[in-house]
Amino acid sequence: MSDNKKKTANAEYTSEDLLHLSDLEHVRERPSMYIGDTTSRGLHHLVYEVVDNSIDEAMANFATAIHVSINNDGSVTVQDDGRGIPVDVHKQLSDEMDREVTTLEGVMTVLKFGGKFEKGAYQTSGGLHGVGVTVVNFLSEWCNVEVCRDGHVYQQEYERGIPTGAVTRVGKTDKRGTKTTFKPDSQIFQTTKYEFSILNKRLQELAFLNSGVRIIFRDERSNEGSEFYYERGIIEFVEHINRSADAVHPEVVHCVGEHEGTTFEIALQYTNELTESVFS
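A.B. asks: What is the right way to look at helix H8 (residues 234–241) in this model?
C.D. replies: In an α-helix, one full turn covers 3.6 residues, which means residues spaced three or four apart are oriented alike. For H8, the complete set of buried residues consists of Ile234, Ile235, Glu236, Phe237 and Val238. Buried residues in H8 make contact with helix H7 (196–209), strand S10 (253–259) and strand S11 (262–268).

A.B. asks: Explain the packing of H7 against H8 here, please?
C.D. replies: Relative orientation and spacing of two packed helices are given, respectively, by the angle between their axes and the distance between those axes. Running from amino to carboxyl end, H7 crosses H8 at an angle of 135°, the nearest separation of the two axes being 7 Å. One finds that H7 runs oblique with respect to H8. Mapping the contact onto sequence places Gln204, Phe208 and Leu209 in H7 and Ile234, Glu236, Phe237 and His240 in H8. For the contact of H7 with H8, the residue count by class is four nonpolar, two polar and one charged.

A.B. asks: Sorry, what's going on with the packing of aromatic side chains here?
C.D. replies: Within a pair of aromatic rings, the relevant descriptors are the distance that separates the centres and the angle that separates the planes. Within this structure, the stated rule accounts for four aromatic pairs. Between phenylalanine 237 and phenylalanine 279, the ring centres sit 5.6 Å apart and the planes meet at 70°, which makes this aromatic pair edge-to-face. Pair noted here: phenylalanine 237 is in helix H8 and phenylalanine 279 is in the segment after S11, with a separation of 42 residues, a long-range link. Chaining the aromatic ring pairs together yields one cluster made of Phe208, Tyr230, Phe237 and Phe279. Taking the ring centre of tyrosine 48 as reference, the NZ or CZ of arginine 202 above it sits at 4.1 Å. Positioned above the aromatic ring of tyrosine 229, the side-chain terminus of arginine 214 is 4.3 Å from the ring centre.

A.B. asks: How do you make sense of the pattern of salt bridges when you look at a structure like this?
C.D. replies: Side-chain pairs of opposite charge can arise whenever the charged atoms involved come near each other. For the structure on display, the rule yields twelve salt bridges. Here arginine 41 makes a salt bridge to aspartate 37, at a shortest N to O gap of 3.4 Å. When its relative accessible area of 56% is taken as the criterion, arginine 41 is described as exposed. Connected through salt bridges with shared partners, the residues Arg28, Arg160 and Asp185 form a single ionic network.

A.B. asks: Hey, could you run me through helix H3 (residues 40–59) in this one?
C.D. replies: Look at H3: 28 Å from first C-alpha to last across 20 residues, which is about the 28 Å you get at 1.5 Å a residue. Of all the 20 residues making up H3, 15 are buried; the element is thus mostly covered by neighbouring parts of the structure. After H3 finishes, the residue asparagine 61 shows a positive phi value of roughly 65°.

A.B. asks: It is not clear to me how a nonpolar patch on the surface should be interpreted in this structure. Could you clarify?
C.D. replies: A surface patch of nonpolar side chains, about 540 Å² in accessible area, is lined by Val248, Val253, Phe264, Ile266, Leu268 and Tyr270. Here the nonpolar patch gets three residues from one element, more than from any other, and that element is S11. Inspection of the secondary structure assignment puts isoleucine 266 in strand S11.

A.B. asks: Honestly, unusual backbone geometry in this entry has me stumped. Any pointers?
C.D. replies: In terms of backbone geometry, most residues other than glycine have negative phi values and most peptide bonds are trans. Although it is not a glycine, aspartate 150 sits at a positive phi angle of roughly 55°. Its place among the elements puts aspartate 150 in the loop between strand S3 (140–149) and strand S4 (152–159). Even without glycine at this site, glutamate 260 takes up a positive phi of about 50°. Glutamate 260 gets classed as exposed once you look at its relative accessible area, which sits at 75%.

A.B. asks: What should I look at first to understand the side chain of glutamate 105 in this one?
C.D. replies: Inspection of the secondary structure puts glutamate 105 in helix H5 (residues 103–109). Those residues in contact with glutamate 105 that sit more than four places away from it in its chain are Arg99, Val110, Gln156, Tyr158 and Pro163.

A.B. asks: Whenever I open this one, the layout of surface pockets confuses me. Can you help?
C.D. replies: Over the atoms rolls a probe the size of a water molecule, and its path tells where empty space is left. Of the volumes computed, that of the largest pocket is approximately 1,700 Å³. Forming the walls of the largest pocket are 47 residues, and the residues nearest its centre are Leu209, Ile234, Phe237, Glu265 and Phe279. Put simply, the parts of the chain that give the lining of the largest pocket at least two residues each are H3, H7, H8 and S11. The residue inventory of the lining of the largest pocket, partitioned by class, reads 22 nonpolar, 17 polar and eight charged.

A.B. asks: Please explain the pairing of strand S2 (residues 76–80) as it appears in this structure.
C.D. replies: Looking along a regular strand, one sees the side chains alternate between the two faces of the sheet. Most of S2 sits out of view: four of its five residues are buried. Note that strand S1 (residues 65–70) and S2 share five bridges and pair antiparallel. When the sheet's bridge partners are listed, valine 68 is paired in S2 with valine 78. A loop of five residues connects S1 with S2, the two strands running antiparallel in sequence, and glycine 74 in this loop sits at a positive phi of about 90°. Direction of pairing for S2 relative to strand S7 (residues 177–184): antiparallel, over a ladder of four bridges.

A.B. asks: Would you mind showing me how to read the pairing of S7 here?
C.D. replies: Taking burial as the measure, the eight residues of S7 include six buried ones, the bulk of the element. Pairing of S3 with S7 involves eight bridges; the strand directions are antiparallel. In the strand pairing of S7, asparagine 144 is matched with threonine 181.

Parameters at a glance
- Residues numbered from 1 in each chain as written.
- Predicted model: local features only at pLDDT ≥ 70, side-chain atom pairs only at ≥ 80, totals over all residues.
- Heavy atoms only, no water.
- Buried < 20%, exposed > 50% of the residue type's maximum accessible area, 1.4 Å probe, protein only.
- Helix = DSSP H or I, 4+ residues; strand = E, 2+ residues; numbered from the N terminus.
- Contact = heavy atoms within 4.5 Å.
- Axes fitted to C-alpha atoms, helices over the stretch in contact; angles between N-to-C directions.
- Parallel < 35°, antiparallel > 145°, perpendicular 65-115°, else oblique.
- Nonpolar A, V, L, I, M, F, W, Y, C, P; charged D, E, K, R; others polar.
- Phe/Tyr/Trp six-rings, centres within 6.5 Å; stacked < 30°, edge-to-face > 60°.
- Lys NZ or Arg CZ within 6 Å of the ring centre and 35° of its normal.
- Salt bridge = Lys/Arg side-chain N within 4 Å of Asp/Glu carboxyl O.
- Expected span 1.5 Å × (residues − 1).
- Patch = residues over 30% accessible without salt bridge, like charges linked within 9 Å, V, L, I, M, F, W, Y side chains within 5 Å.
- Areas by Shrake-Rupley, 256 points an atom, 1.4 Å probe, with all protein chains shown as cover.
- 1 Å grid on protein atoms, 1.4 Å probe; cavity = no way out; pocket = protein on both sides within 12 Å on 5 of 7 lines; lining within 4 Å.
- Points joined across faces, edges and corners; volume = space filled by probe spheres on them.
- Pairing = 2+ DSSP bridges.

Have a look at this one:
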C-alpha cells in the first residue's frame, strides 16, 4: 500500500481524540467482551447469567426452586424463591448519580455493582460478578424485573438497558424471590432463537452441581419441559455419564473437603472404557 493511501493517526493527539463511553454504550458497542460473542453461543449465555444469580441464592441456602421458561414471543423468564433483589434506595449510588437510585436499578443498570465483592451477601458465587445481569439487560430489546420481598411486589421495566420508569410497588404477596424476563435484542445478536436442547443440557448440569436445588424448565413454544432435582448431586452426575458404560465398581467414590480455605468435592468411578472423561 502506498504511503498516501495509508490511514494515519492524528499527529495532534489531544483530548478530543479520546472518547468516554457509558456502561451501556460500552456493552452494546463491545458485547463480545462480556458474553463471548453475538452468535447462538452468546445468546444462550444471557440465560446462564440470570440463572447463575438464582443459583447463588440456592448456594446460600435462600432458594430451593428455579423456574426457567422460553416464552412464545422469544423472551426468557427466570424466577426463583430467594431473598429478592433489595429495592431500597442505595445511598452510595444516589450520591454518585445525584438522584435517588434503588439497589434494584443499580443491579440492573450499573456495571461492577453487586453483592459478590465482599464476603457477606454470598459466601460462594458464580457468574460475571457485578456484571452479568446488567449486561443481559443492556443487550435486551426489553427487560422486566419483579421482586417479591417484605410482603410486597416491586417492578421495574427497561428498554435496551434504560429504565422506562422508577421502581414501583405493584401489589402484595406472601412470596419472595426475583423474576426476570428479557427479550434478546435483534440489533445485537445474529439469531435470537433459543434452542431447547442447549438450555436443557446446561440446566441439568447445574442441577447436578447444586444438590437439592429443583430446576423446572419449560419451552412454551413447543410445550416441552424438564424438571431436574438431584439429592446426591455430582454422584448422580457420574452415574448419569456412566449409564451406558461397564463400571469396574458399582459405588461412586465421593469425597468432600477443604484445603487452605478452598472447598472441594470429587466424585469418580472407573469403567472399562479406553478413554477417560474428566469434568471440572
